[in-house]
Amino acid sequence: MARRRWHERGADDAPPPKLEKEKLYEALKIFKYIKPYRWHVIGGLILLFLSSMTFMIFPFLSGKMIDIAQGSTEMSYTLKDVGLALLVILIIQGVVSYSRVMLFAIASENGIAAVRQAVYDKMISLPIVFFEKNRVGELISRVTSDVEKLYSTFSITIAEFIRQII
C-alpha cells in the first residue's frame, strides 16, 4: 500500500526518467576529461583485477591451514609454510592495491581539475545577464557539489562497481 504506481501518484510526482540513447551519450561525454589519463585508468583496472584475484587466494590458503592443523592433508607443507605464503600474498596485495589506488587517484584528480577548469572557463564567458538572473552563491554551491560528486564517481564508485563484477 505504501508503494504506488507512478500513474497513481499525485500531480507533483513525475514518472521515473527513461534512459534514452541521446541522454546516455550526453552523460558519457564527461569521460573526455579522463581520456588523457586512460593509461592510468587501464593500469588501475588491471591492478584491480589482480588485487581481486589475489584476494581470492586467502580462503584457499586458510582452508589449507585448517587441513594441515587437523592433519588431514597429503601435502608436505607445514603451517609455517602456508602462514609465510599468506604473509607474502598479503604484502603483494597491499602493493598492488596501493598502486591501483594511486593510478585511479592520478586519473580522477587530473580529470576533475580539467572539469573545474572547463566550468570556470564557461562561467567567465557567460553574459552578465546570466548572473543577474541567478544567485552567485547558488551557482558556486552547485558547481562545487556537482564536481565533488563527479570526483566521487571517478575515484571510488566506478572502481568498486568493477571490483564487485570481478
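Residues numbered from 1 in each chain as written. Predicted model: local features only at pLDDT ≥ 70, side-chain atom pairs only at ≥ 80, totals over all residues. Heavy atoms only, no water.

A. Focus on the pattern of salt bridges. Taken as a whole, this structure holds three salt bridges when the rule is applied. The salt bridge partner of Glu-148 is Arg-116, with a shortest N-O separation of 2.7 Å. Note that Glu-148 is positioned in helix α6 (residues 136-165) and Arg-116 in helix α4 (residues 79-124), a separation of 32 residues in sequence. Residue class for Glu-148 comes out partly exposed when judged on its relative accessible area of 40%. Note on Arg-116: relative accessible area 42%, which makes it partly exposed. Of the charged contacts in the structure, one is a salt bridge between Glu-138 and Arg-135, with a shortest N-O distance of 2.9 Å. A relative accessible area of 62% means that Arg-135 is categorised as exposed. (Salt bridge = Lys/Arg side-chain N within 4 Å of Asp/Glu carboxyl O. Helix = DSSP H or I, 4+ residues; strand = E, 2+ residues; numbered from the N terminus. Buried < 20%, exposed > 50% of the residue type's maximum accessible area, 1.4 Å probe, protein only.)

B. A look at the packing of helix α2 (residues 38-55) against α6. Across the interface, α2 lies against α6 with an axial gap of 10 Å and an inter-helix angle of 45 degrees. The pairing of α2 with α6 is recorded here as oblique in orientation. Along this stretch, α2 crosses α6, giving a crossing that reads as right-handed. In this structure, α2 contributes Leu-45, Leu-48, Ser-51 and Ser-52 to the contact, and α6 contributes Ala-159, Ile-162 and Arg-163. Its residues assigned to classes, the contact of α2 with α6 shows four nonpolar, two polar and one charged. (Axes fitted to C-alpha atoms, helices over the stretch in contact; angles between N-to-C directions. Parallel < 35°, antiparallel > 145°, perpendicular 65-115°, else oblique. Left-handed = near helix turned anticlockwise from the far one by under 90°. Contact = heavy atoms within 4.5 Å. Nonpolar A, V, L, I, M, F, W, Y, C, P; charged D, E, K, R; others polar.)

C. Broad picture of α6. Taking 1.5 Å of rise per residue, the 30 residues of α6 would be expected to cover 44 Å, and the 42 Å separating its terminal C-alpha atoms lies within 8% of that figure. Of all the bends in α6, the greatest, near 40 degrees, is centred on Thr-153. For α6, every residue scored as buried is listed here: Leu-139, Val-147, Phe-154, Ser-155 and Ala-159. Tucked into the core, α6 has its buried residues touching α2, α4 and α5 (128-133). (Expected span 1.5 Å × (residues − 1). Bend = angle between axes of the 7 residues up to and from the residue.)

D. Up close: the side chain of Ser-52. Here Ser-52 lies in helix α2. Given a relative accessible area of 9%, Ser-52 falls into the buried group. Ignoring any residue separated from it by four or fewer positions in sequence, one finds Ser-52 in contact with Arg-163 and Ile-166.

E. Here's a closer look at a nonpolar patch on the surface. Taken together, Trp-39, Ile-42, Ile-46, Phe-49, Leu-50, Met-53, Phe-55, Met-56 and Ile-166 make up a surface patch of nonpolar side chains, about 910 Å² in accessible area. The exposure class assigned to Ile-42 is partly exposed, which follows from its relative accessible area of 34%. (Patch = residues over 30% accessible without salt bridge, like charges linked within 9 Å, V, L, I, M, F, W, Y side chains within 5 Å. Areas by Shrake-Rupley, 256 points an atom, 1.4 Å probe, with all protein chains shown as cover.)

Keep in mind that these numbers describe shape and distance, not what the molecule does.
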